[in-house]
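Secondary and tertiary structure notes
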Amino acid sequence: MLSLKRLSPVGFLIIIESMIDLIIKKPQNIKNDILSGITVALALVPEAIAFSFVAHVDPTIGLYAAFMMGLITAIFGGRPGMISGATGAVAVIFAPLVIQQTQLHGLTIATQYLFLAVIIMGIIQIAFGMFKLGKFVRLIPHPVMLGFVNGLAIVIFKAQFSQFRIGGIDGGYMPTPELLVMVVLILVTMAIIQFLPKLTKAVPATLVAIISVTFAAIFLSKSGLRVYNVLDFIQYLDPSKTTIQAALPSFIMPIFSFSAIKTVLPYAILAAAVGLIESLMTLTLVDELTETRGRGNKESIGQGVANVVNGLFGGMGGCAMIGQRMINIRGGGRGRLSGITAALMLLFFILFGSALIEVIPLAALVGVMFMVSIATFEWSSFRIMNKVPKADALIIIAVSTITVIVDLAIAVLIGVILSALVYAWEQGKKINVKKFLNEQGQTIYELNGALFFGSVQSFKDLFDFNQDSNDIVIDFKYARVYDFSGVEAIQNIALRYGKQNKTLHLLNLSAECKSLIGPLNNIVEVKIIDDLNWHLAADQLA
């Protein structure tokens, strides 16, 4: 029987890749790194543009982000072989900010707010790494991860439907003929991406799909049908734009004011959290695939530095990329040179291939993102719903739903809290007792388990106040008191025995526990384990 609790810390990501033929035994060398980096760069171009559309910004902002994220994290990140760039997880968080500020101030000011948010996001990530908090990603339970992945897939999928409004009137969808053409081209794109790898893996299926659909769009345009492309979307966002700017990223001073910081801070915190979660989980998976060890805190700092530079040089920010990381691993990319090559090749495409990028039809990019969503969604979660504990299944559903309705980081936080409460409830039911009468006629309770806020009710139900002898011994040798709720439960038991004039002995407690119990008339003995240094979570001792 499959259980989420039996998965390794990165089991959910391994399931995501279960349909991918992993080739991970290629040796590390310069040739493999360069060739793999070129392949990754080809795959980065369409996704960077597509994620720009998700965030409602100019495609150059996504391309610059992919270049800067890839280069800086390849040099300063926590492990070789990682690929970072503009991602859907970050784009969907910043999209509401860009849309809101565009409506208020126009697109130019909106991008200024975006860049400020990316800088703050990077600063948060740098602090996270410097305080060595990377290890805490292991505290995120597997059901939460599954829900997070499913919710992310749904959010990316939903974000694509805004592309169908290009050319529409008063915010409506595009005219029916153009809409039908777009739907057909999307299906063609998805079909090529799905079935081409079954025939050959010599070339990236995504690249072949985009080139094929682009040629089809050019043919249809010559036949009199309107096919919207990247340039149309750029002009939809900003009518003054006539082309993609083919230049190196330049320094941009974002708007720095208390009001602006207050506006972007919630988005920056969410993006930082989601970026770290995705990056650190990706790092852990690469560790397992390559049987090496990355450095999570260094990766957090590298991601943060890359995002700060992004904000200062006109990028939309990002994080580690699961799909591109797998392309790199399969292509033999093991060293930092693979990531550096991918970033430099991407810059080459930006500088010398912008005219080609402009004619890519929107349908091709939407098809790519639909396939990203389908590949990201954990379809096996449907099969395991009736095989895992009901609480885990509900957490998966809750995190997925909250991700779609609210946002990714809040969903993960709520999922962790729900998982902790479920764990506390289950552990609270596990406290038990061995009860007997000794030779002196004393009623002995030998406890086994944890006494804390989740188990106090079960603890109280263990005692028979009316039938017990006048002398009661509660032995905590195989139990531990964790918090003040546990101490109050002991006091409650003592008071109830005291009302019946019965004497209570408490054995094998910690000194801290004794100090909190306080004086009670019917407690005649509190035996302390001298070498027990078991601290309680109590404000009185903080």
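Predicted, not measured: the structure shown is a model, and the values here were computed from it. (Residues numbered from 1 in each chain as written. Predicted model: local features only at pLDDT ≥ 70, side-chain atom pairs only at ≥ 80, totals over all residues. Heavy atoms only, no water.)

1. Notes on the packing of aromatic side chains
Heads up, the condition is: For Phe, Tyr and Trp, rings pair up if their centres lie within 6.5 Å, where Trp contributes its six-membered ring, and each pair is then called stacked (planes under 30 degrees apart), edge-to-face (over 60) or tilted (otherwise). Secondary structure elements are defined from DSSP: runs of H or I of at least 4 residues count as helices, runs of E of at least 2 residues count as strands, and each element is numbered from the N terminus. Charge over a ring is defined by NZ of Lys or CZ of Arg lying within 6 Å of the ring centre and within 35 degrees of the ring normal.
Taken as a whole, this structure holds 17 aromatic pairs when the rule is applied. A ring pair is formed by F463 and Y497, whose centres lie 6.4 Å apart and whose planes are at 90°; its orientation type is edge-to-face. Separated by 34 residues along the polypeptide, F463 in the loop between α19 (456–460) and β5 (471–481) and Y497 in helix α20 (residues 484–499) bring together distant segments of the chain. Among the aromatic side chains, those forming a connected cluster through ring pairs are Y445, F459, F463, F465 and Y497. Sitting above the plane of the Y173 ring, R165 keeps its charged end 4.4 Å from the centroid.

2. Focus: the confidence of the model for the protein
Keep this limit in mind: A score from 0 to 100, pLDDT tells how confident the predictor is in each residue.
Of the residues in the protein, 88% have a pLDDT of 70 or more, and the chain-wide mean is 83. Per-element confidence in the protein is highest for helix α5 (residues 107–130), whose mean pLDDT is 95, and lowest for helix α1 (residues 11–16), whose mean pLDDT is 45.

3. Re the nonpolar core
For soluble globular proteins, the rule of thumb is that nonpolar side chains tend to be buried together. Formally: Nonpolar core, defined: a set of buried Ala, Val, Leu, Ile, Met, Phe, Trp, Tyr and Cys residues in which side-chain atoms within 4.5 Å join the residues together. Relative accessibility thresholds used throughout: buried, under 20% of the residue-type maximum; exposed, over 50%; partly exposed, between the two (1.4 Å probe, protein chains only). The contact rule is simple, with two residues in contact once any of their heavy atoms fall within 4.5 Å.
Core analysis: the biggest nonpolar cluster contains 108 residues, and I49, F94, L114 and M316 have the highest contact counts within it. Counting residues per element, this core draws most heavily on helix α2 (residues 30–55), which supplies 11 residues. Contact partners of F94, with chain neighbours within four places excluded, come to L114, A117, V118, M121, Y267, A268, A271 and M316. Counting 25 residues, the second largest nonpolar core, distinct from the first, contains L447, L451, V481 and I493.

4. With respect to helix α8 (residues 205–222)
Stated formally: A helix is expected to span 1.5 Å multiplied by its residue count minus one. Taking the helix axis as origin, the arc is that swept by the directions to the C-beta atoms.
With 18 residues, α8 should cover 26 Å at 1.5 Å per step; its first-to-last C-alpha distance of 26 Å lies within 8% of that length. Buried within α8 we find A205, T206, A209, I210, V213, T214 and A217. Projected onto a plane normal to the axis of α8, the buried residues spread over an arc of 160° and lie on a single side. With respect to the buried face of α8, the exposed residues turned more than 90 degrees away are F215, F219 and K222. Looking at the buried positions of α8, the neighbouring elements they touch are α2, α7 (176–199) and α15 (362–376). Just past α8, the residue G224 takes up positive phi, approximately 105°.

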